[in-house]
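Letter by letter, the chains look like this.
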Amino acid sequence: MSENNENQQTQERRPHFVKTIGKTTYLVTCHFSETSKETLQDKLKRMILRDIQSGNY
């Protein structure tokens, strides 16, 4: 299998959604690190606390 074909299959398995704003359509994909030691819950908590501390809410 070619590298381009493997890359395309990998991209198709990633979570994604389509958003249209005006006349522009965006395809948004997500990527998650497989080596991360921080859970999604930990990351969200850290981001929320940082926003609260900086008054950015």
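For the structure itself, consult the block above.
Rules and cut-offs
Residues numbered from 1 in each chain as written. Predicted model: local features only at pLDDT ≥ 70, side-chain atom pairs only at ≥ 80, totals over all residues. Heavy atoms only, no water. Helix = DSSP H or I, 4+ residues; strand = E, 2+ residues; numbered from the N terminus. Buried < 20%, exposed > 50% of the residue type's maximum accessible area, 1.4 Å probe, protein only. Pairing = 2+ DSSP bridges. Patch = residues over 30% accessible without salt bridge, like charges linked within 9 Å, V, L, I, M, F, W, Y side chains within 5 Å. Areas by Shrake-Rupley, 256 points an atom, 1.4 Å probe, with all protein chains shown as cover. Salt bridge = Lys/Arg side-chain N within 4 Å of Asp/Glu carboxyl O. Expected span 1.5 Å × (residues − 1).

### Description of the overall build of the chain
And then number 1: The number of helices and strands found in the chain is two helices and two strands.
And then number 2: Going from N to C terminus, the chain has its helices and strands arranged as α-β-β-α.
And then number 3: Within the chain, the proportion of its 57 residues that are buried is 0%.

### Details of the pairing of strand β2 (residues 24-29)
And then number 1: Pairing between strand β1 (residues 16-21) and β2: six bridges, direction antiparallel. Opposite I21, over in β2, you have T24 as the bridge partner.
And then number 2: Counting the residues between successive antiparallel strands, the hairpin from β1 to β2 contains two residues, one of them, G22, with a positive phi of roughly 65°.

### Structural notes on a nonpolar patch on the surface
And then number 1: Residues L40, L44, M47, I48, L49, I52 and Y57 make up a contiguous nonpolar surface patch of about 780 Å² in total accessible area.
And then number 2: Topologically, I52 is positioned in helix α2 (residues 40-54).

### Points about the pattern of salt bridges
And then number 1: By the definition in use, this model includes one salt bridge.
And then number 2: Between R46 and E38 there is a salt bridge, and its shortest N-O distance comes to 2.9 Å.

### Quick look at α2
And then number 1: Its 15 residues place the ends of α2 21 Å apart at the C-alpha level, agreeing with the 21 Å of an ideal helix rising 1.5 Å per residue.
And then number 2: G55 sits one or two residues past α2 and shows a positive phi near 75°.

Read these as spatial facts, not as claims about activity.
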